[in-house]
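Here is how the chains run, residue by residue.
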Amino acid sequence: MTNSFSTRIKQALADPQLRSNFRGAMDFLRNKRRLAFSDEDEWEALKKQGAAIRQDAIQRLPELLTQLEQQCLNNGIQVHWAEDDQDANNIVLGIAQQHQSKLVIKGKSMATEEIELNQFLEQHNIECIESDMGEYIVQLDNEKPSHIIMPAIHKNTAQITELFENKLGISTPEGDVDALIGVGRTILRKKFEQADIGISGVNFAIADTGTLCLVENEGNGRLSTTAPSIHIALMGIEKVIPNIKALPTLQKLLTRSATGQHITSYLNLISSPRKPDELDGPKAVHLILLDNGRANISQDEQLKSTLSCIRCGACMNHCPVYTRIGGHAYGSTYPGPIGQILTPQLKGLEQEGELLDACSLNGACGEACPVEIDLPELIRILRHRRQVDVHKPWSLEALVWFIWLQVHQYPRLYRLTTKFAALFRSLKLKTPTNWTNTRTLPKPAKLGLHKQMQRHSKTKSEAEK
Amino acid sequence: MPTPKSPKTTQTKDASPKKQVYLFGTCLIDMFYPQAGLDAVALLELSGYEVIYPQAQTCCGQPPYNSGFRPPAVKIAKQTIQLFSAKDIPLIVPSASCAGMIKHHYPTLFGPQSLETKQAKQLAQRTFELIDFIADKLPYTQQPSRPPIKVTLHESCSALREMAVANSWRQVLNKLENISVTYPENRQECCGFGGTFSVKSDAISAVMTQDKCQNLLNTEGKQILSGDCGCLMNIGEHLKFESKKDPCLHLASFLVEHFGLRHD
Amino acid sequence: MNKARNAILTRLKKQTKPNSNKHIQLTSKTSQHLNTEQTLALFIEKLKENRAEVHYVNHKNWEDTLAQVALDRRLNTWLLGNNVSKIEQAGRALTSASADISIIHYTPDYETLKKTLFHDIDASITLAKAAIAETGTLVLIPDQNEPRMMSLIPPVHVVLLKACDILNNFQQLVDNPPWSNSKMPSNIVFISSPSKTADIQQTLAYGAHGPKTLIVFILS
């Protein structure tokens, strides 16, 4: 691990407030999800359906995306294609400059985090305000979200109260969540009124009707995509689904996995801008289809299931590592198991491969995944790719496994080695690893199982005579 | 630790040929916890099996495999498959983690049409985790009377997920008389071992281990039982470091004691 | 832009496996065979679970009930859509209830009405075209008569729904939707509760950005 990843991990582990916040949050979310899927048979059936729908879509991306584009265009939605983050940012900027827009209001979108849209727009003197409560909070504190569903999950009520006091000059009673929400509502309402452009993500895009589906609880998504005269929706190309019949299954899996809700307060289906006789809604709707490495993933037979992801967050909620180090430690847009798999594929194994080490392969993520992505297996595959593509053949680890192979390949050498280790069993050794900082070393047995079993079969055959 | 002794074996003059099983002891058991291996043998014999233990066995190959170093793992896997393919008999593994490697991962290591894959699949079909295998075969009606004891079961990740044998572990314990079983808080959460994870991500591993140990101790079970030596080692050595006491015991050893097979 | 489109599609088309397109069996746990009473009961149960206020009314008493709600909650300025007879009826019932109650129609457009919408409206009332019992969900299809903001900006949102428009489950709805898939409405919104958030220490709080109160009138 690089110093920076290792440092961030240690910092997180040493922060009792962070540990406590995440522990509480993850236990809460795990429990909610468990209740929502209490019917085992239903869970199995939904999961299979969800996996099939997503795998089929990934197999048919070119066909579905062209269909989506055509239907959107028929509906009056303008469609743009962005090869990478720069492309996407420039498309947004182009639209903003064309309309001399100064204020952008955002609904929650991890894709816009991925391309770092806010920072890009700020550099071009366009104010960019987050309207999702959690995103608003982290934006206020100049931070990035630490979870893909609940961006401010790393903060507790007291910390947010203090933040509002310091940054907004607004005091609220201790522990009063309603008051805090009220503050956000008041401030952001003005922004909804004033904003020129609303930017959102897309949970699912329906190809055969040209429809964008968005789920939310707060209403800020609807406001961001309805109040401003321009709505820009940014979507990873993998989010397309064939038709609306697939929506109920995916919606159920998404909301139950994310927050334990059977459905969110709002599910919004947008198929066109304001029609001539309509009185509200954006006058222009733009859909940006973002590649940024996804097309390449779809070509990789072993890894393409990465794209099945519906961004529910269940994997990180169940990850014992994420629970303890939190989202920021990963240093990437997507944290937790999906982040460990996606980020190296989007940004390169050389740069981001170390994320793969922060995993004990316990399998809780794969078990929770509502579209049956075998996350632990993907981590294994990526570790193998890293070893093949990135690691030097003379690295320390390669040497370790070379020696390991010699010892285990030759039974005689193996028995010799274990005998040798047993001889020194009484020595209180320290290892070059940190194992002995918190654990004693296991003592090699005087007589290993091999030897014991030799005696055992001898005893048995003698007894049977 | 006293020198491991072979538990009392059930001697029989039965003329009919005993059913046979292979035992894959696992490298951890061989090197550090051979008593658990011997106890596995005793339980299998108690259940009416003859145990064959090929001496040439070493390791299942999981450590390099999980780390992304496939070639050494593939070599060892090939060897292991050959070793246990002479007879078409069950392969019993006293570790859910190693059993999982053989059962679920060996068939993916070789070319899809290769002979090795065929053999790996055939082996996978007859590979069983120990406790799961003997769960319906132990002579529960022959339990000797034992003093009551409260134990804590640590369900390993492999038992809960990959091998799905945690149910069997619970069932076996529930069939024992005078045993009460407790479970730690966050029982499905990893103990922090994860093989090389405990070394490569030692800081995170240490914290996970600490949390697991605290949760286990809070149950006030007299012994901490599990079917995976990796977890038992991780938990046991941490507890020893903290308090010089190690209440960990392999399920096989616990059962041997319970059925009165242990020499005094 | 075309360059990007071509580049992306080229990358995607490198796939060697042809499309499988196997039939995926989609089912819903909530049985299609619930009778009308059961469907209604389930719908009301789910709505109430999600903090919506529910009134089961008939053609005789719904206007009085609505008026009473306005009086009890002191909802004086109401936002109504245009050209919907049921809504006109509602408007008359409200203004008859008290001299303090006044009606604003959503006209001529959002831009002109913006200030009023955000600052002066106490409550709005709209129709729902359908509903889903399994999740307590209302299906609204905003249009020129009942624009989108009606169910979004006012702090109190009242919905009129016919009991016979309640379906058992979501799958049923999409299999036989009250809209045309070949001519999709510009917007369809599914509403299942008042606006809420648990973003602050997972503590549930209502009235984040959308309406804080959702009141449903089910007309038998």
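Residues numbered from 1 in each chain as written. Chains lettered and ligands numbered in written order. Predicted model: local features only at pLDDT ≥ 70, side-chain atom pairs only at ≥ 80, totals over all residues. Heavy atoms only, no water.

## Examining the confidence of the model for chain B
Close inspection of predicted coordinates is inappropriate for parts of the model with low pLDDT.
For step 1, the next point in the chain: Here chain B shows a mean pLDDT of 93. Residues at 70 or above account for 93%.
For step 2, the next point in the chain: Confidence drops under pLDDT 50 across residues 10-14 of chain B; counting only partners more than four residues distant or on other chains, this segment forms 4 contacts. (pLDDT = per-residue confidence, 0-100. Contact = heavy atoms within 4.5 Å.)

## Structural notes on the packing of aromatic side chains
For step 1, the next point in the chain: Tallied over the full model, the rule gives 14 aromatic pairs over all chains.
For step 2, the next point in the chain: For the pair Tyr 136 of chain A and Phe 164 of chain A, a centre-to-centre distance of 6.4 Å together with 75° between the ring planes defines the contact as edge-to-face. Of this pair, Tyr 136 of chain A sits in helix H8 (residues 133-140) while Phe 164 of chain A sits in helix H9 (residues 157-168); the two residues are 28 residues apart in sequence, bridging distant segments of the chain. Each member of the pair, Tyr 136 of chain A together with Phe 164 of chain A, is buried.
For step 3, the next point in the chain: The rings of Phe 22, Tyr 322 and Tyr 330 of chain A are connected pair by pair, giving a single aromatic cluster.
For step 4, the next point in the chain: The aromatic ring of Tyr 49 of chain B is capped on one face by Lys 19 of chain B, whose charged end is 4.6 Å from the ring centroid.
For step 5, the next point in the chain: Positioned above the aromatic ring of Tyr 183 of chain B, the side-chain terminus of Arg 187 of chain B is 3.9 Å from the ring centre. (Phe/Tyr/Trp six-rings, centres within 6.5 Å; stacked < 30°, edge-to-face > 60°. Helix = DSSP H or I, 4+ residues; strand = E, 2+ residues; numbered from the N terminus. Buried < 20%, exposed > 50% of the residue type's maximum accessible area, 1.4 Å probe, protein only. Lys NZ or Arg CZ within 6 Å of the ring centre and 35° of its normal.)

## A word on the interface of chain B and chain A
The figure often quoted for interface size is the accessible area lost as the parts come together.
For step 1, the next point in the chain: Facing 67 residues of chain B, the contacting portion of chain A comprises 63 residues.
For step 2, the next point in the chain: Carbon and sulfur atoms make up 60% of the surface buried where chain B meets chain A, a total of about 5,900 Å² over both sides.
For step 3, the next point in the chain: Counting every contact that joins chain B to chain A gives 8 salt bridges.
For step 4, the next point in the chain: The residue Arg 19 of chain A makes a salt bridge to Asp 211 of chain B at a minimum N-O spacing of 3.7 Å. (Buried area = accessible area lost by both parts, 1.4 Å probe. Salt bridge = Lys/Arg side-chain N within 4 Å of Asp/Glu carboxyl O.)

## Re the domain arrangement of chain B
Residue and element names in this part refer to chain B.
For step 1, the next point in the chain: We note that the domain assignment places domain 1 (3-133) and domain 2 (143-263) within chain B.
For step 2, the next point in the chain: In this complex, domain 1 contributes 28 residues to the contact, which on the side of domain 2 involves 28 residues.
For step 3, the next point in the chain: Counting across the interface, domain 1 meets domain 2 through 1 salt bridge.
For step 4, the next point in the chain: Ionic pairing is found between Arg 262 and Asp 39, a salt bridge with its closest N-O pair at 2.9 Å.
For step 5, the next point in the chain: At the surface where domain 1 touches domain 2, the tally comes to 11 residue pairs in polar contact (both at pLDDT 80 or more).
For step 6, the next point in the chain: Mapped by element, the contributors of at least two residues to the side of domain 1 that touches domain 2 are helix H1 (27-31), helix H2 (34-46), helix H5 (96-105) and helix H7 (130-134). (Domains from an automatic or database assignment. Polar contact = N/O pair within 3.5 Å; in protein donor to acceptor, adjacent residues only side chain to side chain.)

## Considerations on empty space enclosed by the protein
Unoccupied space between atoms shows up once a probe the size of one water molecule is rolled over them.
Residues and elements named next belong to chain A.
For step 1, the next point in the chain: All chains considered together, the criterion is met by 6 cavities of 30 Å³ or more.
For step 2, the next point in the chain: Approximately 110 Å³ is the volume attributed to the largest cavity.
For step 3, the next point in the chain: In terms of lining, the largest cavity is formed by 15 residues, of which the most central are Cys 309, Cys 312, Cys 315, Cys 369 and Pro 370.
For step 4, the next point in the chain: Here the lining of the largest cavity is built from residues that sort into 13 nonpolar, 1 polar and 1 charged.
For step 5, the next point in the chain: Of the pockets and cavities examined, the second largest cavity occupies roughly 90 Å³.
For step 6, the next point in the chain: Taken together, the residues of the lining of the second largest cavity sort by class into 9 nonpolar, 4 polar and no charged. (1 Å grid on protein atoms, 1.4 Å probe; cavity = no way out; pocket = protein on both sides within 12 Å on 5 of 7 lines; lining within 4 Å. Points joined across faces, edges and corners; volume = space filled by probe spheres on them. Nonpolar A, V, L, I, M, F, W, Y, C, P; charged D, E, K, R; others polar.)

## Here's the deal with the pairing of strand E3 (residues 102-105) of chain C
Residues and elements named next belong to chain C.
For step 1, the next point in the chain: Direction of pairing for strand E2 (residues 77-80) relative to E3: parallel, over a ladder of 4 bridges. Looking across to E3, one finds that Leu 79 is bridged to Ile 104.
For step 2, the next point in the chain: The β-α-β motif built from E2, the intervening helix H4 (residues 85-97) and the parallel element E3 has right-handed crossover chirality. (Pairing = 2+ DSSP bridges. Right-handed = clockwise from strand over helix to strand, strands pointing away.)

## As for the packing of H9 of chain A against helix H10 (residues 177-194) of chain A
Residues and elements named next belong to chain A.
For step 1, the next point in the chain: Contact geometry of H9 with H10 gives a least axis separation of 10 Å together with a crossing angle of 40°. Between H9 and H10, the angle is such that the two are oblique. Relative to H10, H9 is oriented so that their crossing is left-handed. From H9, Thr 157, Ile 160, Thr 161, Phe 164 and Leu 168 reach across to H10, where they touch Val 177, Leu 180, Val 183, Gly 184 and Ile 187.
For step 2, the next point in the chain: Taken together, the residues of the contact of H9 with H10 break down into 7 nonpolar, 3 polar and no charged. (Axes fitted to C-alpha atoms, helices over the stretch in contact; angles between N-to-C directions. Parallel < 35°, antiparallel > 145°, perpendicular 65-115°, else oblique. Left-handed = near helix turned anticlockwise from the far one by under 90°.)

## Observations regarding the side chain of Thr 209 of chain A
For step 1, the next point in the chain: By the element assignment, Thr 209 of chain A lies in the loop between strand E5 (204-206) and strand E6 (211-216).
For step 2, the next point in the chain: In this structure, Thr 209 of chain A is in contact with Gln 71 and Asn 75 of chain A together with Asn 181 and Met 184 of chain C, ignoring residues within four places of it in sequence.

## Details of the environment of Met 235 of chain A
Residue and element names in this part refer to chain A.
For step 1, the next point in the chain: Its location among the elements puts Met 235 in strand E7 (residues 230-236).
For step 2, the next point in the chain: Using a relative accessible area of 0% as the deciding quantity, one classes Met 235 as buried.
For step 3, the next point in the chain: When the C-alpha positions of Met 235 and Leu 212 are compared, they lie 9.6 Å apart, and in sequence the two are 23 residues distant.
For step 4, the next point in the chain: Sequence-distant contacts of Met 235, defined by excluding residues within four places in its chain, comprise Leu 65, Leu 68, Val 202, Ala 205, Val 240, Leu 287, Ile 288, Leu 289 and Leu 290.

## Regarding the sheet that holds strand E4 (residues 127-129) of chain B
All names here are of chain B.
For step 1, the next point in the chain: Taken in spatial order, the 4 strands make up an open sheet running E2-E1-E3-E4, and their pairing is parallel. At either end of the open sheet lies a strand with only one pairing partner, and these are strand E2 (49-52) and E4. Strand-to-strand, the axes of this sheet are offset by a mean angle of 35°, without reference to chain direction.
For step 2, the next point in the chain: Sheet topology places strand E1 (residues 19-23) next to strand E3 (residues 91-93); 2 bridges connect them, and they run parallel. What sits directly across from Tyr 22, in E3, is Leu 91.

## So, the environment of Arg 74 of chain C
For step 1, the next point in the chain: Note that Arg 74 of chain C resides in the loop between helix H3 (62-72) and E2.
For step 2, the next point in the chain: For Arg 74 of chain C and Asp 100 of chain C, which are 26 residues apart along the polypeptide, the C-alpha to C-alpha distance reads 9.1 Å.

## Regarding helix H3 (residues 40-59) of chain A
Residue and element names in this part refer to chain A.
For step 1, the next point in the chain: For H3, with 20 residues, the first-to-last C-alpha span of 28 Å sits near the 28 Å given by 1.5 Å per residue.
For step 2, the next point in the chain: By the criterion of burial, H3 is predominantly enclosed, with 14 of the 20 residues buried.
For step 3, the next point in the chain: Measuring from the backbone nitrogen of Asp 41 back to the side-chain oxygen at the start of H3 gives 3.1 Å, which picks out Asp 39 as the cap. (Expected span 1.5 Å × (residues − 1).)

## Observations regarding the sheet that holds strand E9 (residues 266-270) of chain A
For step 1, the next point in the chain: Taken in spatial order, the 8 strands line up as E8(A)-E5(A)-E6(A)-E9(A)-E9(C)-E6(C)-E5(C)-E8(C) in an open sheet, and their pairing is mixed. Both outer strands of the open sheet, strand E8 (240-241) of chain A together with strand E8 (166-167) of chain C, are each paired with one neighbouring strand and no more.
For step 2, the next point in the chain: As judged from the 2 bridges shared by strand E5 (residues 130-132) of chain C and E8 of chain C, these two strands associate in the parallel manner. Paired with Ala 131 of chain C across the two strands is Ile 166 of chain C, which belongs to E8 of chain C.

## What about a nonpolar patch on the surface?
For step 1, the next point in the chain: A contiguous nonpolar patch, built from Leu 396, Leu 399, Val 400, Phe 402 and Ile 403 of chain A and spanning about 510 Å² of accessible area, is present on the exposed surface.
For step 2, the next point in the chain: Relative to the helices and strands, Leu 399 of chain A resides in helix H20 (residues 396-409). (Patch = residues over 30% accessible without salt bridge, like charges linked within 9 Å, V, L, I, M, F, W, Y side chains within 5 Å. Areas by Shrake-Rupley, 256 points an atom, 1.4 Å probe, with all protein chains shown as cover.)

## Topic: the pairing of strand E5 (residues 149-153) of chain B
All names here are of chain B.
For step 1, the next point in the chain: Counting buried positions along E5 yields 4 of 5 residues, so the element is predominantly enclosed.
For step 2, the next point in the chain: Pairing between E5 and strand E6 (residues 179-182): 4 bridges, direction parallel. Looking at the pairing, Val 151 lines up with Val 181 of E6.
For step 3, the next point in the chain: Bridge analysis of E5 against strand E7 (residues 223-226) gives 3 bridges, and the strand direction is parallel. Bridge assignment links Val 151 to a residue of E7, and that residue is Gln 223.

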